[in-house]
Amino acid sequence: MPKMLRAAERFPADRAWSQVRTFAQAANRERQSGSRRSKPALEVLPLAVLLLTAGCQQSQPANEAQPKTEAQPKTEAKRDASEYLSQPLVKDIYTADPSAHVWNGKIYVYPSHDIDGPTPEDDLGSHFEMRDYRILSMDKIGGLVTVGPVALDVKDVPWADKQMWAPDAAYRNGTYYLYFPAKDKAGAFRIGVATAKNPMGPFKAQPQPIKGSYSIDPAVFTDDDGSSYIYFGGIWGGQLQRNVGGTYDPDGSKTDLGQDNKPALAPRVAKLTGDMLEFSEAPRAIQILDDRGKPLQGGDHDRRFFEASWMHKYKGKYYFSYSTGDTHYLVYAVGDSPYGPFTYKGRILDPVEGWTTHHSIVEWNGKWWLFYADSQLSGQTRLRNVKVTELHYNPDGTIRTINPFVAKGAKGAAAQ
Ligand code: FUB
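Notes on the packing of aromatic side chains
Inspection of every chain in the model, using the stated rule, returns 28 aromatic pairs. A centroid spacing of 6.2 Å and a plane angle of 40° characterise the contact between Trp103 and Tyr108, whose relative ring orientation is tilted. No difference in accessibility class separates Trp103 from Tyr108, as the two residues are buried. A centroid spacing of 5.9 Å and a plane angle of 70° characterise the contact between Trp103 and Tyr110, whose relative ring orientation is edge-to-face. On the basis of relative accessibility, which here comes to 12%, the residue Trp103 falls in the buried class.

Some words on the environment of Arg79
Examined against the element boundaries, Arg79 turns out to sit in the loop between β1 (57-59) and β2 (94-103). Sequence separation between Arg79 and Glu353 is 274 residues, and the spatial gap between their C-alpha atoms is 9.8 Å. Reaching out from Arg79, the side chain makes a polar contact with the side chain of Glu353 at a distance of 2.8 Å.

Comments concerning the sheet that holds strand β13 (residues 268-271)
Strand pairing in a sheet takes place through backbone hydrogen bonds and is either antiparallel or parallel in direction. What the four strands build is an open sheet, ordered β11-β12-β13-β14; its pairing is antiparallel. Here the strands that pair on one side only, and so sit at the sheet edges, are β11 (219-222) and β14 (284-285).

Topic: the site of the ligand
Near the ligand there are 13 residues, and of these Asp97, Met130, Asp217, His358 and Arg384 occur at the shortest range. At a separation of 2.5 Å, an oxygen atom of the ligand approaches a polar side-chain atom of Asp217. Here an oxygen atom of the ligand and a side-chain polar atom of Arg384 are 2.8 Å apart. Calculation on the ligand without its partners gives an accessible area of 270 Å², and the protein chains cover 100% of this total.

A short note on the confidence of the model for the chain
Averaged over all residues, the pLDDT of the chain equals 86, while 80% of them reach at least 70. In the predicted structure, residues 60-68 sits below a pLDDT of 50 and forms 16 contacts with residues beyond four places in sequence or in another chain. A low-confidence stretch, residues 412-416 (pLDDT under 50), is modelled with 17 contacts involving residues beyond four sequence positions or located in other chains.

Considering the sheet that holds strand β16 (residues 307-314)
Strand order in the open sheet formed by five strands is β15-β19-β18-β17-β16, and the pairing between neighbours is mixed. Two strands bound the open sheet, and with one partner strand each, they are β15 (288-289) and β16. Two elements, strand β17 (residues 317-323) and strand β18 (residues 330-335), share six bridges in a ladder whose sense is antiparallel. Along β18, the bridge assignment pairs Ser323 with Leu330.

Parameters at a glance
- Residues numbered from 1 in each chain as written.
- Predicted model: local features only at pLDDT ≥ 70, side-chain atom pairs only at ≥ 80, totals over all residues.
- Heavy atoms only, no water.
- Phe/Tyr/Trp six-rings, centres within 6.5 Å; stacked < 30°, edge-to-face > 60°.
- Buried < 20%, exposed > 50% of the residue type's maximum accessible area, 1.4 Å probe, protein only.
- Helix = DSSP H or I, 4+ residues; strand = E, 2+ residues; numbered from the N terminus.
- Polar contact = N/O pair within 3.5 Å; in protein donor to acceptor, adjacent residues only side chain to side chain.
- Pairing = 2+ DSSP bridges.
- Near = heavy atom within 4 Å.
- Areas by Shrake-Rupley, 256 points an atom, 1.4 Å probe, with all protein chains shown as cover.
- pLDDT = per-residue confidence, 0-100.
- Contact = heavy atoms within 4.5 Å.

Take a look at the structure:
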């Protein structure tokens, strides 16, 4: 298991060091204050949101100039683009929470579509005011990215009111399924499902959310035997802590259970029905254990589950990965069953620029890829951009930790 280091200790000691240290210190301050707001060191520039016309747009490969569109990169970037390990996949719109899938040899990315709304930032993520989904596709990693038209709008989801957060998608028997969290009219997050015949949509939502669903960040994994499982949950603004009693408690805690020495709140998993539209069983809590077999504790902010579930299978083992939220890591745990238990193994990605990080892991063309997001273009947590970089395993099946920044002058930066 990788040695546990503070974020600042993992970064290279070069000219970028002072900037990175400022970033890491800001992250620590936030952690201490418990804030889910933008990194205090970041400038905040108001950005205009322009209405996009319907239809696909082709996005240039990352480093080329692009026409002015919804996403307006700020003029004074905090860091030079060469300091980032990889470049935004699209610059036309803001995107986050990328769930990638390979269908018919093409890569499809189902992201959140970030917008610059009016709501002030708070620790519940009220500033993530997304209203629709737009899907990305590409023939190869590093090639042109097509930005699809609106694939699902909140106004077309009868039960949903606002905040279309991190989605995922699945395919079965000629139908594509889009799973998405949104707040219902009572302010409770539920998970909806919508269907389409084309992976780019448009998707038609079911009239009601999935029965018995709650919280955020659905991720659907289909095992080799064809069974599909949905993983979900998120604490703080994701409301997992407000659903422990079986129904949504609007007066529940804003963060977690406040029990540092007890098992942390657990992500959930449920097998889906054959038609992919409902849970076939009551959601189960997923156990994430340390290397002694003990559940990770609520106070273990460097390792405990916060949000952003993802499941993938590698060499017969089940890899459950997630974000640690207020400590800003992407981490993973490994098990022998899609239900767990999973044993914590280490970090996949060190903190990116911006508060949130959320990912997916897919195999394409014989290599493994990590899709993730940061706030490179805007410098604002609420306006993110998705990226991809290669992921490497060690011979023992552990994952090599990725640093989202590169040392100035290092070769090979900004590969994607
Ligand atoms: O994008 C809104 C929320 O922020 C997602 O649902 C979380 O995973 C975090 O990325």
